[in-house]
Amino acid sequence: MAPRLCSISAAARRVLGNPGPRAGDVAAAAATRFYSKDNESSWFRSLFVHKVDPRKDAHSTLLSKKETSNLYKIQFHNVKPECLDAYNSLTEAVLPKLHLDEDYPCSLVGNWNTWYGEQDQAVHLWRFSGGYPALMDCMNKLKSNKEYLEFRKERSCMLLSRRNQLLLEFSFWNEPQPRAGPNIYELRTYKLKPGTMIEWGNNWARAIKYRQENQEAVGGFFSQIGELYVVHHLWGRSGSFQELLLSPFSTVSLFMQTGWGSASGSGSALLRYPHSH
């Protein structure tokens, strides 16, 4: 499956302090490396599906931070091809104002346009400090924001479809932070079998340490409202497209590390469908 690459918009670069140009995400060139028999057997075992015993605990309680922690909203907007430039200009003019207005308990984590895969798509990630009360406060205030209402009306003429999800962040991931650019991002989405979210979280709590090189792990989330049993992992790599092609980092090199294959590979038994943006 070809990865879908994302570029952060000019507005998000200004908001997040990223001065670099737009970039996308791409799988890096694989590095050739010898590995031990232990590594080989760990990687080989990860190919086989094993039985998973579903947990009955509330995964939102066990996997997320406290109830007063952040709530996230991710938006996927499919834009009419002829309207993409106008859509980007419109969002760049309006959305950062909400981010900077202290009267709204929300912050714009990032805006992206997809480069590969599903074309003419925009992705927005919002953070609501204080959870659901902050979300409701923001929504109520937007109902009387004339500029925002005009923005939504004008935006509706540019869209083919849109969908969103409310997300909580995994307790073992750090919050997304501003990054010096340029950066290339990848959003990996996993649809899990019902009842396996806790097992997924336990596996990735062990595996995440292998992906901390160059602060690659930007954020990890799971759905609360919208399509359920969905996980989003947001990865970021600093550098240009050409630098990534020459980088020794690759999925192959990760599997050569002791522990990575067993920690991440065991998650295959929990999956219904994986997808890369």
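Residues numbered from 1 in each chain as written. Predicted model: local features only at pLDDT ≥ 70, side-chain atom pairs only at ≥ 80, totals over all residues. Heavy atoms only, no water.

Enquirer: Before we move on, could you go through the nonpolar core and cite the residues and values that matter?
Expert: Of all hydrophobic cores here, the largest spans 38 residues; its most connected members are W126, F128, F170, W200 and V231. When residues of this core are assigned to their parent elements, the largest contribution, 6 residues, is made by helix α4 (residues 84-100). (Core = buried A, V, L, I, M, F, W, Y, C linked by side-chain atoms within 4.5 Å. Buried < 20%, exposed > 50% of the residue type's maximum accessible area, 1.4 Å probe, protein only. Helix = DSSP H or I, 4+ residues; strand = E, 2+ residues; numbered from the N terminus.)

Enquirer: An account of the packing of α4 against helix α6 (residues 146-156) is requested, with residue identities and associated values reported.
Expert: Geometrically, a packed helix pair is captured by the angle between its two axes and the distance between the axes. In the contact formed by α4 and α6, the axes pass within 11 Å of each other and the chain directions differ by 155°. Put simply, α4 runs roughly antiparallel to α6. Pair α4 / α6 crosses with left-handed handedness. Contacts from Y87, L90, T91, V94, L95, K97 and L98 in α4 reach E147, Y148, F151, E154 and R155 in α6. (Axes fitted to C-alpha atoms, helices over the stretch in contact; angles between N-to-C directions. Parallel < 35°, antiparallel > 145°, perpendicular 65-115°, else oblique. Left-handed = near helix turned anticlockwise from the far one by under 90°. Contact = heavy atoms within 4.5 Å.)

Enquirer: So what's going on with empty space enclosed by the protein? Residues and values would help.
Expert: The gaps of empty space that remain are located by a probe, the size of a water molecule, rolled over the atoms. This structure, assessed with the given rule, holds 2 cavities of 30 Å³ or more. In this structure, the largest cavity encloses a volume near 80 Å³. Along its surface, the largest cavity is lined by 10 residues, and I74, W112, V123, L187 and L234 are the ones closest to its centre. Counting residues per element, the ones that place at least two in the lining of the largest cavity are β4 (121-128) and β8 (230-238). A breakdown of the residues in the lining of the largest cavity according to their chemical character gives 9 nonpolar, 1 polar and no charged. (1 Å grid on protein atoms, 1.4 Å probe; cavity = no way out; pocket = protein on both sides within 12 Å on 5 of 7 lines; lining within 4 Å. Points joined across faces, edges and corners; volume = space filled by probe spheres on them. Nonpolar A, V, L, I, M, F, W, Y, C, P; charged D, E, K, R; others polar.)

Enquirer: Tell me about the packing of aromatic side chains, residues and numbers included.
Expert: Per the stated rule, a full pass over the model turns up 9 aromatic pairs. With a centroid separation of 5.2 Å and 55° between ring planes, the pair formed by W173 and W235 is classed as tilted. Of this pair, W173 sits in the loop between β5 (159-169) and β6 (183-192) while W235 sits in strand β8; the two residues are 62 residues apart in sequence, bridging distant segments of the chain. Each member of the pair W173 and W235 is classed as buried. With 6.1 Å between their ring centres and 35° between their planes, W200 and W204 make a pair best called tilted. On the criterion of helical spacing, the pair formed by W200 and W204 is a turn pair, its members being 4 residues apart in helix α7 (residues 197-207). As far as the burial class goes, W200 and W204 line up, both buried. Here a set of aromatic residues connected by ring pairs shows up, and it is made of W173, Y190, W200, W204 and W235. Residue placement shows R163 over the ring face of F76; its charged tip is 4.2 Å from the ring centre. (Phe/Tyr/Trp six-rings, centres within 6.5 Å; stacked < 30°, edge-to-face > 60°. Lys NZ or Arg CZ within 6 Å of the ring centre and 35° of its normal.)

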